[in-house]
Amino acid sequence: MSLLTHHLQFTMVATTPLELGDNAGSAVRGALVNALLDRFCANKDAPACADCPLFNVCPVAALVAPMRETGETGGDQRPRPYVTRPPQPRRYAPGETLTFGLGLFGHAAELFPYVVMAAQGIEVQGLGRRLQEQNGRRGRVRLLAIHAVNPLTGDRQPLFQADQRQVQVPGIPIGPAEVAAFAATLPENRLTLRFLTPMRLIDKGGLVRRPALRPLIQRLGIRLTDLAAAYGDGPLPAADARALLPLAESATLEYDNTRWIDITSYSRRSGERTPIGGMVGEAVFTGNLGPLREILVWGSLVHVGKNAVKGDGWYVVEG
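Residues numbered from 1 in each chain as written. Predicted model: local features only at pLDDT ≥ 70, side-chain atom pairs only at ≥ 80, totals over all residues. Heavy atoms only, no water.

(A) The sheet that holds strand β16 (residues 278-286), seen in detail. Strand order in the open sheet formed by four strands is β13-β16-β10-β17, with antiparallel pairing between adjacent strands. Among the strands making up the open sheet, the edge pair consists of β13 (252-261) and β17 (315-318). Neighbouring strand axes in the sheet, compared pairwise and without regard to direction, differ in orientation by 5° on average. Where β13 lies against β16, nine bridges are found, and the strand directions are antiparallel. Each bridged residue has a counterpart across the sheet, and for arginine 259 the counterpart in β16 is valine 280. (Pairing = 2+ DSSP bridges. Helix = DSSP H or I, 4+ residues; strand = E, 2+ residues; numbered from the N terminus. Axes fitted to C-alpha atoms, helices over the stretch in contact; angles between N-to-C directions.)

So this is what it looks like as structure tokens:
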């Protein structure tokens, strides 16, 4: 066993008008991170987690800015141990419910109590766009429930209910055995990828604007290797994508119903806007796809491409 993922689903109810634009994933991620910083950051004078002497023992830094240890390869930061799964980008009236997801990787699941407290913190700070009808304030929400879910099987476990005091520990981990079992149920010669949030891949210095398996598998192999090294307990066999690249290159794009959308995300801390657009829609591939099934299923759990923590790169793989 080398990497486990835990997927959580949060259910909230709007208590005032609430509006989520196309960058709903960025809004949810920003709200969670800001709530973590507001509630648990012990050194708010530090300009960034990397500049704080407490980052090695800080649960906030472990989630939002994990640093590599001495001797680790790569940049200064590890890949972040989570992804967001955004709610529908639309306007919510008071009394309407919205759901969003969070995937935690490896030992990051131990920080689940902090995530619960951060989700409750969103009740205080609000969510979504600032609305004129609310005097420039964000929409208000109330946390109703948190469930552990298995996106592959649909299994659910209640972890938190608003009318109960006890919070349960997430108990539906997904690892190599679960991934392999689901992958074996998929056909070997025809697979459908449904890109639920923008897929933003860079290949040979340019954006990938048309569905193609080779750049997706190549980037996914790098991502899984990094995640397993940072948050697993050994190499992940499915992450070795080198032998799979010729098969991915030879796959045929049989059906393409994707489109490109342009979205930007604003960072309150840096004051900068970041493009987080990409491909959404559906693509069908045919060919010798059996050996690709497992790594593609892993990708559906951990996302792939740019801005995964903001919800990008979320897809499902079907027969």
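So that's the structure; there's more coming.
(B) Local environment of the packing of helix α4 (residues 176-183) against helix α7 (residues 293-302). At a minimum axis distance of 9 Å, the contact between α4 and α7 shows a crossing angle of 120°. Judged by the inter-axis angle, α4 sits oblique to α7. Note on packing geometry: the crossing formed by α4 with α7 is right-handed. Contacts between α4 and α7 involve Pro176, Val179, Ala180, Phe182 and Ala183 on the former and, on the latter, Arg293, Glu294, Val297, Trp298 and Leu301. Considering only residue class, the contact of α4 with α7 consists of eight nonpolar, no polar and two charged. (Parallel < 35°, antiparallel > 145°, perpendicular 65-115°, else oblique. Left-handed = near helix turned anticlockwise from the far one by under 90°. Contact = heavy atoms within 4.5 Å. Nonpolar A, V, L, I, M, F, W, Y, C, P; charged D, E, K, R; others polar.)

(C) Up close: the environment of arginine 80. Following the sequence through the fold, arginine 80 ends up in the loop between α2 (59-64) and β3 (82-85). Looking at arginine 80, the relative accessible area reads 26%, which means it is partly exposed. Aside from chain neighbours lying at most four places away, what touches arginine 80 is Arg29, Leu63, Val64, Pro66, Phe105, Leu227, Tyr231 and Val309. A distance of 2.7 Å separates the side chain of arginine 80 from the backbone oxygen of valine 64, its partner in a polar contact. (Buried < 20%, exposed > 50% of the residue type's maximum accessible area, 1.4 Å probe, protein only. Polar contact = N/O pair within 3.5 Å; in protein donor to acceptor, adjacent residues only side chain to side chain.)

(D) A look at helix α3 (residues 112-125). For α3, built from 14 residues, the straight-helix expectation of 20 Å at 1.5 Å per residue is met to within 8% by its first-to-last C-alpha distance of 20 Å. One or two positions beyond α3, positive phi appears at glycine 126, with a value near 90°. (Expected span 1.5 Å × (residues − 1).)

(E) Broad picture of the side chain of serine 300. For serine 300, the location among the structural elements is in helix α7. For serine 300, a relative accessible area of 8% puts it in the buried group. Contacts of serine 300, omitting those with residues within four sequence positions, involve Arg85, Leu152, Trp314, Tyr315 and Val316.

(F) The nonpolar core, seen in detail. Residues Met199, Leu213, Leu216, Ile217, Leu296 and Tyr315 are the most contacted members of the largest nonpolar core, which totals 45 residues. Listed by contribution, the elements that provide at least two residues to this core are α4, β10 (190-199), α5 (213-231), α6 (245-250), β16, α7 and β17. It is α5 that provides the largest number of residues to this core, a total of nine residues. Beyond its immediate chain neighbours, meaning those up to four positions away, leucine 216 contacts Phe195, Met199, Leu201, Leu296, Val304 and Tyr315. If you look at the next biggest cluster of nonpolar residues, it comprises 44 residues, including Leu20, Val33, Leu37 and Tyr82. (Core = buried A, V, L, I, M, F, W, Y, C linked by side-chain atoms within 4.5 Å.)

(G) Spatial organisation of the packing of α5 against α7. Where α5 meets α7, the closest approach of the two axes is 10 Å, and the angle between their N-to-C directions is 65°. When the interaxial angle is binned, α5 and α7 end up roughly perpendicular. Between α5 and α7 the crossing geometry is left-handed. Here α5 contributes Leu213, Leu216, Ile217, Leu220, Gly221, Arg223, Leu224 and Leu227 to the contact with α7, which in turn contributes Ile295, Leu296, Trp298, Gly299 and Val302. Residue classes in the contact of α5 with α7 are distributed as ten nonpolar, two polar and one charged.

(H) Fine view of the environment of glycine 319. Summarising the element assignment, glycine 319 is placed in the segment after β17. Classification of glycine 319 by relative accessible area gives exposed; the value is 56%. As for glycine 319 and glycine 281, which are separated by 38 residues in sequence, their C-alpha atoms are 16 Å apart. Apart from residues no more than four positions distant in its own chain, glycine 319 is found in contact with Leu186, Pro187, Arg190 and Thr192.

(I) Here's a closer look at the packing of aromatic side chains. In this structure the tally under the stated criterion is three aromatic pairs. Taking 5.0 Å as the distance between ring centres and 80° as the angle between the ring planes, the aromatic pair formed by phenylalanine 40 and tyrosine 114 counts as edge-to-face. Placement of phenylalanine 40 in helix α1 (residues 24-40) and of tyrosine 114 in helix α3 is noted, with a sequence separation of 74 residues between them. Under the relative-accessibility criterion, phenylalanine 40 is labelled partly exposed at 23%. A relative accessible area of 29% places tyrosine 114 in the partly exposed class. Over the face of the ring belonging to tyrosine 92 we find arginine 90, whose NZ or CZ atom lies 4.1 Å from the ring centre. The positively charged end of arginine 209 is found above the aromatic ring belonging to tryptophan 260, 4.3 Å away from the centroid. (Phe/Tyr/Trp six-rings, centres within 6.5 Å; stacked < 30°, edge-to-face > 60°. Lys NZ or Arg CZ within 6 Å of the ring centre and 35° of its normal.)

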